[in-house]
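These are the residues of each chain, in order.
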Amino acid sequence: MVNVTHIKKWGDTHMRFSGKTVYVTQANTAQGEALALRFASEGANLVLGSGTEELLGKIEAKGAKGMIVTPDILTYEGAEALVDEVKAKFGRIDVLMYNNNDVIRTHLENLTRDVFESQLNDNTKSCFVLTRIVGAHMAEYGNGKIVIVSSIHCDKPNGSAVMYSISKGCLNMLCKESALYFGRRGIQTNLIEAGAVEGDDKLFESEFSPLYAMDLMAQRIPRKKAGTNDEIASVAAFLASSDADFVNGANLRADGGFELFYGFRE
């Protein structure tokens, strides 16, 4: 007979990140906070990129440890200094959780050089630099996880922020190249195509397209409502855990079926 006293429920003691350190690159956003709190609830140490003292307090209230960092992630030197700073406190980085998600609304005909460069720097170059430097750091230990929280707009135009979509599209190939290179060194790299999340209507407000009219979500998402940052964090935690050791170079779409939309009859 099975000894039921040894059977534990999933959420009770499932601490997949105990003793591990997770770096959330943009912790000063609603999504970044959701990611940080999810990993803290599973025992991780948190490195909070541009984090706040308030968030740090919430993490510590969960019994986890954290630190706030404001590195220059557009240069190798800045990323290397970040790694050294984290090593001094926590020993190493186990998970790179890249969630930079800066949106500048502009159409193709109005695109300026400043916006072009800013969006590529904030959403693409910083990911490349961190993947290159933190990936090499993880390779010294023979294991690690790189998770890129991207957007469905790596594939789907959004009608309001042309360079945002282009910058996210670049991350698709970066994920695959990283998966091949660092996969030989024990590291998995995966990407989440997140979309139709609460708040996206404000990010992608447009006179050109009604794509993100949230009052129409009931018609565009099978379950009749947009996603939440907590739901994206759950997907990220899976990809960052040992449960996903055989997942590498994958684009996991977390959009509730938004991209499948054809329209529903009442």
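Since we're looking at a predicted model, the values are computed, not measured.

Rules used in this analysis
Residues take numbers from 1 onward in each chain, read along the sequence in its written order. Reporting of local features is limited, given that this is a predicted model, to residues whose pLDDT is at least 70; pairs of side-chain atoms are given and counted only at 80 or more, and all residues count toward the totals for whole chains, interfaces and linings. To obtain the side-chain values, all non-hydrogen atoms of the structure were included, while hydrogens and water were left out. Only residues whose relative accessible area exceeds 30% and that form no salt bridge enter a patch; like-charged residues are grouped when within 9 Å of one another, and nonpolar side chains (Val, Leu, Ile, Met, Phe, Trp, Tyr) when within 5 Å. All accessible areas in this document rest on Shrake-Rupley with a 1.4 Å probe, and a residue is counted as covered only by the protein chains that are shown. Basic side-chain nitrogens of Lys or Arg form a salt bridge, by our definition, when they fall within 4 Å of a carboxyl oxygen of Asp or Glu. By the counting rule applied here, Lys and Arg register as positive and Asp and Glu as negative, while His and the ends of each chain are not counted. To locate a charge, take NZ of a lysine, CZ of an arginine, CG of an aspartate or CD of a glutamate. Numbering of helices and strands runs from the N terminus; a helix is a DSSP stretch of H or I covering at least four residues, while a strand is a stretch of E covering at least two. To sort residues, take the accessible area from a 1.4 Å probe on protein chains only and compare it with the maximum for the residue type: under 20% means buried, over 50% means exposed, and anything in between is partly exposed. Classification of ring pairs rests on two measures: the distance between centres of Phe, Tyr or Trp rings, Trp counted by its six-membered ring, which must be within 6.5 Å, and the angle between planes, read as stacked under 30 degrees, edge-to-face over 60 and tilted in between. Here a helix's expected span is defined as the number of its residues, less one, multiplied by 1.5 Å. Fitting one axis to the seven residues ending at a residue and another to the seven starting there, the bend at that residue is the angle between the two axes. Pairs of N or O atoms are called polar contacts if they sit within 3.5 Å, as long as, within protein, a hydrogen donor faces a hydrogen acceptor (for residues adjacent in sequence, only side-chain-to-side-chain pairs). Residues count as neighbours in contact if any of their non-hydrogen atoms are within 4.5 Å of one another. Confidence scores here are pLDDT values: one per residue, from the predictor, ranging 0 to 100. In this text, buried Ala, Val, Leu, Ile, Met, Phe, Trp, Tyr and Cys residues form a nonpolar core when linked through side-chain atoms within 4.5 Å.

1. Some details on a negative patch on the surface
Here is step 1: Taken together, the side chains of Asp72, Glu77, Glu80 and Asp84 present a region of like negative charge at the surface.
Here is step 2: For Asp84, the location among the structural elements is in helix 4 (residues 76-90).
Here is step 3: For Asp84, a relative accessible area of 49% puts it in the partly exposed group.

2. Re the packing of aromatic side chains
Here is step 1: This structure, assessed with the given rule, holds two aromatic pairs.
Here is step 2: Between Phe17 and Phe39 the ring centres are 4.9 Å apart and the planes differ by 70 degrees, which places this aromatic pair in the edge-to-face class. Here the residue Phe17 occupies a position in the loop between helix 1 (10-13) and strand 1 (21-24), and Phe39 occupies one in helix 2 (residues 30-41), the gap between them amounting to 22 residues. As far as burial versus exposure is concerned, Phe17 and Phe39 are alike and both buried.
Here is step 3: Measuring from ring centre to ring centre gives 4.9 Å for Tyr181 and Phe182, while their planes differ by 75 degrees; the resulting arrangement is edge-to-face.

3. Some words on helix 5 (residues 113-139)
Here is step 1: Taking 1.5 Å per residue, 27 residues should reach 39 Å; helix 5 reaches 36 Å between its end C-alpha atoms and fits that length.
Here is step 2: Along helix 5, the helix axis deviates most sharply at Asn121, where the bend reaches about 45 degrees.

4. Structural notes on the side chain of Asn190
Here is step 1: Mapped onto the secondary structure, Asn190 falls in strand 6 (residues 187-194).
Here is step 2: Its relative accessible area of 1% is what places Asn190 among the buried residues.
Here is step 3: Polar contacts involving the side chain of Asn190 include one to the main-chain amide nitrogen of Asn248, which spans 3.4 Å.
Here is step 4: Here the side chain of Asn190 touches Ala250 through a polar contact of 2.9 Å, landing on its backbone nitrogen.
Here is step 5: If we ignore the near neighbours within four places in the chain, the residues touching Asn190 are Ile146, Val147, Ile148, Cys175, Leu239, Val247, Asn248, Gly249 and Ala250.

5. Concerning the confidence of the model for the protein chain
Here is step 1: On average, residues of the protein chain score 90 in pLDDT, and 88% of them reach the 70 mark or higher.
Here is step 2: Within the model, the stretch residues 1-13 combines pLDDT values under 50 with four contacts to residues more than four positions away or in other chains.

6. Re the nonpolar core
Here is step 1: Val22, Phe39, Leu46, Leu48, Ile59, Met97 and Ile192 are the most contacted members of the largest nonpolar core, which totals 33 residues.
Here is step 2: Of all the secondary structure elements, the ones that give two or more residues to this core are strand 1, helix 2, strand 2 (45-49), helix 3 (53-61), strand 4 (95-98), strand 5 (144-151), strand 6 and helix 9 (229-240).
Here is step 3: Per-element accounting of this core gives the leading share, seven residues, to helix 9.
Here is step 4: Residues within four places of Leu46 in sequence aside, it is in contact with Val22, Val24, Ala36, Phe39, Ala40, Ile59, Lys65, Gly66, Met67 and Phe90.

7. With respect to the pattern of salt bridges
Here is step 1: In this structure the tally under the stated criterion is ten salt bridges.
Here is step 2: Glu42 is the salt-bridge partner of Arg16, the closest N and O atoms lying 2.8 Å from each other. Residue Arg16 is found in the loop between helix 1 and strand 1, and its partner Glu42 is found in the loop between helix 2 and strand 2; the two are separated by 26 residues along the sequence. When sorted by exposure, Arg16 lands in the same class as Glu42, which is buried.
Here is step 3: A salt bridge links Glu33 to Lys58; the shortest N-O distance between them is 2.7 Å. Of this pair, Glu33 sits in helix 2 while Lys58 sits in helix 3, and the two are 25 residues apart along the sequence.
Here is step 4: Accessibility expressed as a relative area gives 27% for Glu33, which makes it partly exposed.
Here is step 5: Taking the relative accessible area as the measure of exposure, Lys58 reaches 33% and is therefore partly exposed.
Here is step 6: Linked by salt bridges that have partners in common, Arg16, Arg38, Glu42 and Asp243 make up one network.

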